[in-house]
Amino acid sequence: MIKSTFIYALVLLCMSTISAQSLTQISGTLSAEDPNEKLAYASVIVKQDTLIVETVITNDKGEFKIEGIKVGKYTVEFQFLGFEGSTISLTVEGSKSNINLGTIQLKSDVTSLEEVVVTSETSQMSLKLDKKVFDVGKDLISKGGSATQVLDNVPAVRVDPSGSVSLRGNSNVLILINGRKSGLSSIQGLEQIPAESIKSVEVITNPSSRYDAAGSAGIINIVLKKNTKEDLSGSMTLVAGIPADYRVLGSLNYKKGKFNLFSNFGVRYTDYVGLNTRDQVSTSNGNDLFLNQREDQDRHDDGRLVHLGLDYFINDNNTITAAFYRNGTKDLDKNTLNYKFSGENIQDSHIQTIGESEENRSYNQLEFNYTKTFKKPDRKFTVDFQYDFWNSTKDFNIQRRTLVPDTADLSVINTLSNRASDDIVLQSDYVTPLSETANFETGVKLENRVVSTEFAADEEIDGTVTTIDGFNNRLDYKEQILGAYVQYGNKINKFSYLLGLRTEYTHIEIKDQNAGGVLTDSTYTRLFPSVNLSYPLSEKTTTQLNYSQRINRPNLDQLNPFPELQDFNSLIFGNINLLPSLTNALELGILSKVKGLVLNPSVYYSKTTNNFQYFTTQNDDGIFETVIVNLDEEARFGLEVSAQYAPVKWLSLNAEVNAYSFSQKGSVGTTNLDYSNETWTATLLSQIKFPKDFTFQSKFEYQAPVSDAQTRTKSFYYLNMALGKSLFKNNGTITLGVSNIFNTRKIRETIIGDDFVVNQMTNFNAARWNLNFNYRFNKGKNRKEHQSNRK
């Protein structure tokens, strides 16, 4: 008995030993062509013949691990939306208990950063747990346009007629260029960045502590293209449009050995036509007064830009980058306003103003980056320096006359505004792995901004010039922000977490040079925690829970207590006493991939104190005054669902629906501004692949009605479309595009006060058509092809 038991135990031990030796662990890392761009939540599939043995997804560092693989021959497939799939053959032998495949690089479906090759299997939008990535190279609709048009085509992002950008219906969004704040991220600056210079747009709704704490709605990061091709390469784009829109854009790059030279240049000549209308009823001394107002806008912009840069690869671990960007613009605008007054106990009248303005802007940016990598994978140290300096000068001439009754009166108003800024940013970051799963990151950042602004207005009547009271001002604005952060991430079995803490010291000072006093001088320091948790529910479904605290600081325009004179019926003021708002945001998201369908639902909640809102009143002279104020708080709860679906090879669909409700509390004086409302938006992007290398794209967007305590905004929808064809063996592309094709993108609002009702419509741009041709060349690629043909 003892002997048989011993033999049985020995056999089991041998079998278990053999079994243990025959089970192998396979590991590796998945990245894009840039090895620093890890592909998180990509699919890794192990097959034996046609049978699927195991399927896993990569973690947030692009790493994967597959355990329990027996001896045999396999194929391993790597898949990630927006990238070409890759397959490798693998033989597992009993002598190997661990097989590390190293870093597997996937190629983007766009064959180069300058090349537009839209395939039926790809999509413009890549969904990830922590962000959404919009591939501009695949966006035909914004071809030949600017960053403004690019952002307007990104789901969940909206650019209103004035150029203000919002995310999920919230305008408190931080816009970054290549991960950093820049003067280019202003409304005017975005219009100067050509779409051809943009690689992708990242939408981050709940950022970690690595990012600046500004932007309660989240972050939009515009990633500019950078040359990665060997030898001489470049592209040229020609654009012609209606209304008049002529652009020449190009890039020229050279990469050899330790040097990588890159450049972009462009000129543009663009016309815009807009229409604003306003009908108002007001009460003054018991009498009803009526105004019918119409503004016809004829705007013209000229622009010239150049971007030069150099990468110097000192060795395999040290790289220096230096770049210079310059953009000069000249805007010539003509606005014609007609005011028709009527009412009880007053004579009907018709006043017309014709305003002509010329604005010259010069924007310059210097960049420097030093990057050091180490023998230990994923350890990196960076130093960034950025210096922005820009200025603008605007002359505005307004002729005002009374047409009814014809009194032959004429006054000429001249305004002059000057603005200049110097911005310096110094930043350093260090990332290092502490173990196979643990990661530590820290960094510091210094921002110093100085802005000077000057505005003067005078009126000439019968040869006599007088200063208009209440408008002339000279302000100096100084802003200093010193930030630092630490982050620690780790993984416990399948559960991953990232904990971060950021602190920011802020000092803001505004001086009135005319009066010689300080309007505001505020200093404060705050902590901003962030928590990111993720857990895979299955091989193809992962969930993530994120929390962050963010701040929205008022800028100079929002603080400036002086208005600019443009419309005699209404004035907009800043508020020198405006406080920064603080937001606590929580979001739960799920990312699931099943048979060609990618689904990304998320539930989010935020609570903001001291949130901003505009408030309108009518003064004793009948002039409408709008000022930005702090409310007590706003709570927002929403559901967003993003989906991608490719039902057939030639069709790709992207849809996004965002529905949210909000509740606001606050008051101005005796006016109660408590209000609750709900609204929703929907976006559908479609892409169709036709024979003969034709591709069609469209974007349809709908905005449901939305209101606050004073303003009711009606629903609207619009449709953008583009048709492109690849030419010259995919080296060229010709595209016909149209935005707002049915001219339905009109913002209609009703503003209600104690003694007035205003109905207004804004149509900043009617339908715009453009035809553009893009040609790309790559000398290194052509040389390799010729060499291959000779073999």
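Provided above is the structure to which this section pertains.
Residues numbered from 1 in each chain as written. Predicted model: local features only at pLDDT ≥ 70, side-chain atom pairs only at ≥ 80, totals over all residues. Heavy atoms only, no water.

S.K.: Looking at this model, I keep getting lost on the pairing of strand β16 (residues 245–256). Mind explaining?
M.R.: The side chains of a regular strand alternate, first on one face of the sheet and then on the other. As paired elements, strand β15 (residues 231–242) and β16 share 11 bridges and run antiparallel to each other. What sits directly across from D231, in β16, is K255. (Pairing = 2+ DSSP bridges. Helix = DSSP H or I, 4+ residues; strand = E, 2+ residues; numbered from the N terminus.)

S.K.: Which parts of the structure should I look at to understand the side chain of T711?
M.R.: For T711, the position within the fold is in strand β41 (residues 711–713). Other than its neighbours up to four places away in sequence, T711 contacts V706, E749, T750 and I751. (Contact = heavy atoms within 4.5 Å.)

S.K.: Looking at this structure, how should I read a nonpolar patch on the surface?
M.R.: Judged by side-chain polarity, L545, L586, L588, L597, L599, V603, Y605, F637, L639, V641 and Y645 come together as a nonpolar surface patch covering roughly 870 Å² of accessible area. Those elements giving two or more residues to the nonpolar patch turn out to be β30 (581–594), β31 (597–609) and β34 (633–648). Relative to the helices and strands, L599 is located in strand β31. Of the residues examined, L599 reaches a relative accessible area of 33% and is grouped as partly exposed. (Patch = residues over 30% accessible without salt bridge, like charges linked within 9 Å, V, L, I, M, F, W, Y side chains within 5 Å. Areas by Shrake-Rupley, 256 points an atom, 1.4 Å probe, with all protein chains shown as cover. Salt bridge = Lys/Arg side-chain N within 4 Å of Asp/Glu carboxyl O. Buried < 20%, exposed > 50% of the residue type's maximum accessible area, 1.4 Å probe, protein only.)

S.K.: Any chance you could explain the side chain of K699 here in plain terms?
M.R.: Residue position: K699 is located in strand β39 (residues 694–703). Of the polar contacts made by the side chain of K699, one reaches the side chain of E701; its length is 3.2 Å. Side-chain polar atoms of K699 contact the side chain of Y718, separated by 3.1 Å. Residues within four places of K699 in sequence aside, it is in contact with I141, D152, N153, V154, T683, L684, L685, Y718, L719 and N720. (Polar contact = N/O pair within 3.5 Å; in protein donor to acceptor, adjacent residues only side chain to side chain.)

S.K.: Mind showing me how you'd approach the pattern of salt bridges here?
M.R.: Between side chains of opposite charge, a pair can form when the charged atoms approach closely. The tally for this structure, following the rule as stated, stands at 20 salt bridges. Note that R168 and E587 form a salt bridge whose closest N and O atoms lie 2.9 Å from each other. Of this pair, R168 sits in the loop between β11 (165–167) and β12 (173–177) while E587 sits in strand β30, placing them 419 residues apart in sequence. Of the two residues, R168 and E587, both sit in the buried class. The salt bridge partner of D212 is K445, with a shortest N-O separation of 2.8 Å. In this pair, D212 is assigned in the loop between β13 (198–204) and β14 (218–224) and K445 in strand β23 (residues 439–461), connecting sequence segments 233 residues apart. Neither D212 nor K445 differs from the other in exposure class; each is buried.

S.K.: I tried to follow the nonpolar core on my own but got confused; where do I start?
M.R.: A general feature of soluble globular proteins is that nonpolar side chains tend to end up buried together. In terms of nonpolar packing, the biggest core is built from 29 residues, with L151, V157, V165, I193, I198, V201 and I222 touching the most fellow members. The set of elements that each furnish at least two residues to this core consists of α2 (147–152), β10 (157–159), β11, β12, β13 and β14. Beyond its immediate stretch of four places on either side in the chain, I198 contacts V136, A147, V150, I193, I222, V223, L224 and K225. Grouped together as the second largest cluster of nonpolar side chains are 20 residues, V44, I69, F80 and I99 included. (Core = buried A, V, L, I, M, F, W, Y, C linked by side-chain atoms within 4.5 Å.)

S.K.: Just to check I follow, could you spell out the environment of V531 for this structure?
M.R.: Along the polypeptide, V531 turns up in strand β27 (residues 517–536). In the structure, V531 is positioned 14 residues away from L545 in sequence and 8.0 Å away in space, judged by C-alpha atoms. Residues within four places of V531 in sequence aside, it is in contact with L498, L499, L545, N546 and Y547.

S.K.: Could you clarify how one ought to interpret unusual backbone geometry in this entry?
M.R.: Backbone phi values are negative for most residues with the exception of glycine, while trans is the configuration of most peptide bonds. A cis amide bond, omega -5 degrees, links I242 with the succeeding residue P243. Looking at where P243 falls in the secondary structure, it is placed in the loop between β15 and β16. At the junction of V404 and P405, the peptide bond is cis and its omega measures out at -10 degrees in the coordinates. Considering the arrangement of structural elements, one finds P405 in the loop between β21 (380–404) and β22 (410–433). The backbone phi angle of N178 is positive, close to 55 degrees, even though this residue is not glycine. Mapped onto the fold, N178 is located in the loop between β12 and α3 (187–190). Residues other than glycine seldom take positive phi values, yet K692 does so here, at roughly 65 degrees.

S.K.: Help me out: how do you make sense of the sheet that holds strand β2 (residues 43–48) in this one?
M.R.: Whether parallel or antiparallel, the strands of a sheet pair through hydrogen bonds between backbone atoms. Spatially, 4 strands are ordered β3-β2-β5-β6 in an open sheet, and the strand pairing comes out antiparallel. In this open sheet, the two edge strands, each paired with only one partner strand, are β3 (51–57) and β6 (86–92). With strand direction ignored, the average angle separating the axes of adjacent strands in the sheet is 25 degrees. Across 7 bridges, the pairing between strand β5 (residues 72–79) and β6 is antiparallel. Residue pairing in the sheet places Y74 in a bridge with L90 of β6. (Axes fitted to C-alpha atoms, helices over the stretch in contact; angles between N-to-C directions.)

S.K.: What exactly am I supposed to notice about the sheet that holds strand β29 (residues 570–573) here?
M.R.: Taking strand neighbours across the sheet as the criterion, the 3 strands line up as β29-β33-β32 in an open arrangement whose pairing is mixed. At either end of the open sheet lies a strand with only one pairing partner, and these are β29 and β32 (612–618). Taking each pair of neighbouring strands and ignoring which way they run, the sheet shows an average axis angle of 25 degrees. Sheet topology places β32 next to strand β33 (residues 624–630); 7 bridges connect them, and they run antiparallel. When the sheet's bridge partners are listed, F612 is paired in β33 with N630.

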